[in-house]
Amino acid sequence: MTPTATQAPNQRGPNQGARNQGPARLRVVLVTGLSGGGKLSVLGALEDLGFETMDNPPLEMLADMVGHSERGLAIGVDARTRGFDATRVLETLAALRANPGLRPELVYVCANEATLLRRYTESRRRHPLAPQDRVSVGIAQEQALTGRLRDAADLVVDTSDLPIGTMRRRIEQHFGADTATERLVVTL
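All values reported here derive from a predicted model rather than from experimental measurement.

A. Local environment of helix α4 (residues 113-123). Here α4 has its buried residues at Thr-115, Leu-116 and Tyr-120. For α4, the arc enclosing every buried residue in end-on projection is 135 degrees, short of the 170-degree limit, so these residues lie on one face. Exposed and facing more than 90 degrees away from the buried side of α4 are Ala-114, Thr-121 and Glu-122. Where α4 is buried, its residues touch α5 (135-152). One or two residues past the end of α4 sits Arg-124, with phi positive at roughly 55 degrees.

What follows is the structure, encoded as structure tokens:
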């Protein structure tokens, strides 16, 4: 995705910290979750807040992307990403937390199985982890793959019964202009 959002003149953008609160730390948010859970909707909401977005880069590129960010950056990475592994994601998060110039968080986006099955039926897509099998098999595999990430998440967003407008408002409240730190959002 490319940046398309504009901001009002008096709003703080993704790379501006609060006044009189010391040096701003670049906010790094790793967002992961289940396919069909709403990751792209979260990325869209972040893009509307002024973040530059990218979906599914290889995990080994994340450190370089953080080092070259000039403004908020939202990066989507999930089980389809080359090299995806919950342990590697948690190691990446730990490395980001070791950097005093960053304020990392882990966000997990999900939905219950009935909602995921309905979404796959409506879109007529196959699950990326079970392209030749039932969608429920792919969902179970992905839940097993990402369970540790859900357990370690600072924020879990369950979109099962969450209208898109409400989800967007929650993202805006959590990552919006009133946040006192700079932001870099990495979606896993």
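B. View of the pattern of salt bridges. Overall, the coordinates contain eight salt bridges when judged by the stated rule. Across the pair Asp-154 and Arg-97 runs a salt bridge, and its minimum N-O distance is 2.9 Å. With Asp-154 in the loop between α5 and β5 (155-158) and Arg-97 in helix α3 (residues 86-97), the pair connects residues that are 57 residues apart, well separated along the chain. Looking at Asp-154, the relative accessible area reads 45%, which means it is partly exposed. One salt-bridge network, held together by shared partners, links Lys-39, Asp-55, Asp-78 and Arg-80.

C. Fine view of unusual backbone geometry. Positive phi, normally seen in glycine, also occurs at Asn-56, with a value near 60 degrees. When you line up the elements, Asn-56 lands in the loop between β2 (52-55) and α2 (62-67). Not every positive phi belongs to a glycine, and Arg-124 is a case in point at roughly 55 degrees. Along the chain, Arg-124 turns up in the loop between α4 and α5.

D. Structural view of the side chain of Thr-159. When you line up the elements, Thr-159 lands in the loop between β5 and α6 (164-175). We classify Thr-159 as buried; its relative accessible area is 6%. One polar contact links the side chain of Thr-159 to the main-chain carbonyl oxygen of Gly-37, over a distance of 2.5 Å.

E. Region of interest: the environment of Gly-101. Tracing the chain through its elements places Gly-101 in the loop between α3 and β4 (102-110). Assessed through its relative accessible area of 33%, Gly-101 is described here as partly exposed. Sequence separation between Gly-101 and Val-28 is 73 residues; the distance between their C-alpha atoms is 9.9 Å. If sequence neighbours within four positions are ignored, Gly-101 has contacts with Arg-25 and Leu-26.

F. Geometry of the confidence of the model for the protein chain. Chain-level pLDDT for the protein chain is 78 on average; 81% of the residues reach the 70-or-more range. When mean pLDDT is taken per element in the protein chain, α5 scores highest with 94 and strand β6 (residues 182-187) scores lowest with 54. In the predicted structure, residues 1-21 sits below a pLDDT of 50 and forms 45 contacts with residues beyond four places in sequence or in another chain.

G. The packing of α4 against α5, seen in detail. At a closest axis distance of 10 Å, the pairing of α4 and α5 adopts a crossing angle of 130 degrees. Classified by the interaxial angle, the pair formed by α4 and α5 is oblique. Along this stretch, α4 crosses α5, giving a crossing that reads as right-handed. For the pair α4 and α5, contact is made by Glu-113, Leu-116, Leu-117 and Tyr-120 and by Val-135, Ser-136 and Ile-139, respectively. Residues of the contact of α4 with α5, tallied by class, amount to five nonpolar, one polar and one charged.

What counts and what doesn't
Residue numbers restart at each chain and count upward from 1, following the sequence in its written direction. Where local features are concerned, this predicted model is filtered to residues with pLDDT of at least 70; where side-chain atom pairs are given and counted, the filter is 80 or more; whole-chain, interface and lining totals use all residues. The side-chain numbers reported here are obtained from all heavy atoms of the structure, hydrogens and water having been left aside. Residue exposure (1.4 Å probe, protein chains only): buried if accessible area is under 20% of the type maximum, exposed if over 50%, otherwise partly exposed. Strands here are runs of E lasting at least two residues and helices are runs of H or I lasting at least four, both read from the DSSP assignment and numbered beginning at the N terminus. Directions drawn from the helix axis to the C-beta atoms are what define this arc. In this description, contact between two residues means that some pair of their heavy atoms is separated by no more than 4.5 Å. The salt bridge definition used is simple: a Lys or Arg side-chain nitrogen within 4 Å of an Asp or Glu carboxyl oxygen. N or O atoms closer than or at 3.5 Å make up a polar contact, with two conditions inside protein: a donor-capable atom paired with an acceptor-capable one, and, for residues adjacent in sequence, both atoms drawn from side chains. Per-residue confidence from the predictor is given as pLDDT, running between 0 and 100. For every element, the axis is a line fit to its C-alpha atoms; helices are fit only across the contacting stretch, and the angle between N-to-C directions ranges from 0 to 180 degrees. Relative orientations are named as follows: roughly parallel for angles under 35 degrees, roughly antiparallel for angles over 145 degrees, roughly perpendicular for angles from 65 to 115 degrees, and oblique for any other angle. In this scheme the handedness of a crossing depends on how the near helix is turned from the far one: anticlockwise by less than a right angle means left-handed, clockwise means right-handed. Residues were grouped as follows: Ala, Val, Leu, Ile, Met, Phe, Trp, Tyr, Cys and Pro as nonpolar; Asp, Glu, Lys and Arg as charged; and all remaining residues, including Gly, as polar.

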